[in-house]
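# Understanding the architecture of this molecule
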Amino acid sequence: SVGPHPRTVLIVDDYAAIRVLLRIAVEEAGFAVCGEAQNGHEAVQLAHELRPDLVTMDLAMPGMDGAKATKLIVESLAIPVLVVSDIDSSELVGEAIAAGATWHVAMSNVVRELPLALTALLQ
């Protein structure tokens, strides 16, 4: 018999190398990556198209930033957003949380913490 479909994650980051790292962490945690976006506009568009169970969101991106994209995704789709960022600015992280982000994982701890955060948010 075929098992249940894994929960899906949309990865948002402007750096391809980071998206690869995040994809590995997501898949090792037992979840499926349903799409990848390079900026806030793409993130919002793909979230509407793909309806992932969760979005990982970078904060500093060209064009629409992660906090604004988070607000649009959370308000229009009620999809949880997990901020993954190397930004140490508590102000920016605070903006994202105020915009509706559920959690924040620092990029320096992503390999260890992302699977734990995903499991906590998606079970």
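Above this text sits the structure in question.
Computed from a predicted structure; not experimentally measured.

### Details of the sheet that holds strand β2 (residues 32-37)
Pairing within the open sheet is parallel, and its 5 strands lie in the order β2-β1-β3-β4-β5. With partners counted over all chains shown, the strands left at the sheet margins are β2 and β5 (103-106), one partner each. In this sheet, adjacent strand axes meet at a mean angle of 20° when their direction is disregarded. Sheet analysis places strand β4 (residues 81-85) next to β5, joined by 4 bridges and oriented parallel. Bridging across to β5, Ser-85 finds its partner in Ala-106. In the packing of helix α5 (residues 110-122) onto the sheet, contacts are made with β1 (8-12), β3 (54-57), β4 and β5, and the angle to β5 comes to roughly 165°.

### Thoughts on α5
Here α5 is 13 residues long and its end C-alpha atoms lie 17 Å apart, about the 18 Å a rise of 1.5 Å per residue gives. Along α5, the residues that are buried comprise Val-110, Leu-114, Pro-115, Ala-117, Leu-118 and Leu-122. Taken around the axis of α5, the buried residues stretch over an arc of 165°, which confines them to a single face. Turned more than 90 degrees off the buried face of α5, the exposed positions are Arg-112 and Leu-116. Against the buried residues of α5 lie β1, α1 (16-28), β3, β4 and β5.

### Some points on the pairing of β4
In terms of burial, β4 is largely enclosed, as 5 of its 5 residues are buried. By the bridge criterion, 3 bridges tie β3 to β4 in an arrangement that is parallel. Bridge pairing links Met-57 to Val-83 in β4. Remark: the β3/helix α3 (residues 66-77)/β4 crossover connection has right-handed handedness.

### Brief notes about helix α2 (residues 40-50)
All of the buried residues in α2 are Gly-40, Ala-43, Val-44, Leu-46 and Ala-47. In the core, the buried residues of α2 are packed alongside β1, β2, β3 and α3. The N-cap of α2, judged by a side-chain oxygen 3.1 Å from the amide nitrogen of His-41 a few residues on, is Asn-39. Looking one or two places after α2, you find Arg-51, whose phi comes out positive at around 50°.

### Notes on the pattern of salt bridges
A complete count under the given rule lists 6 salt bridges for this structure. For Asp-53, the salt bridge identified is with Arg-7, shortest N-O distance 3.3 Å. Placement of the pair is Asp-53 in the loop between α2 and β3 and Arg-7 in the segment before β1, with a sequence separation of 46 residues. For the salt bridge of Lys-71 with Glu-75, the shortest nitrogen-to-oxygen distance reads 2.7 Å. With a gap of 4 residues between them, Lys-71 and Glu-75 both fall in helix α3, about one helical turn apart. Look at Lys-71 and you get partly exposed, because its relative accessible area is 41%. For Glu-75, a relative accessible area of 57% gives the class exposed.

Each value, and the rule that gives it
- Residues numbered from 1 in each chain as written.
- Predicted model: local features only at pLDDT ≥ 70, side-chain atom pairs only at ≥ 80, totals over all residues.
- Heavy atoms only, no water.
- Pairing = 2+ DSSP bridges.
- Helix = DSSP H or I, 4+ residues; strand = E, 2+ residues; numbered from the N terminus.
- Axes fitted to C-alpha atoms, helices over the stretch in contact; angles between N-to-C directions.
- Contact = heavy atoms within 4.5 Å.
- Expected span 1.5 Å × (residues − 1).
- Buried < 20%, exposed > 50% of the residue type's maximum accessible area, 1.4 Å probe, protein only.
- Arc of directions from axis to C-beta.
- Right-handed = clockwise from strand over helix to strand, strands pointing away.
- Polar contact = N/O pair within 3.5 Å; in protein donor to acceptor, adjacent residues only side chain to side chain.
- Salt bridge = Lys/Arg side-chain N within 4 Å of Asp/Glu carboxyl O.

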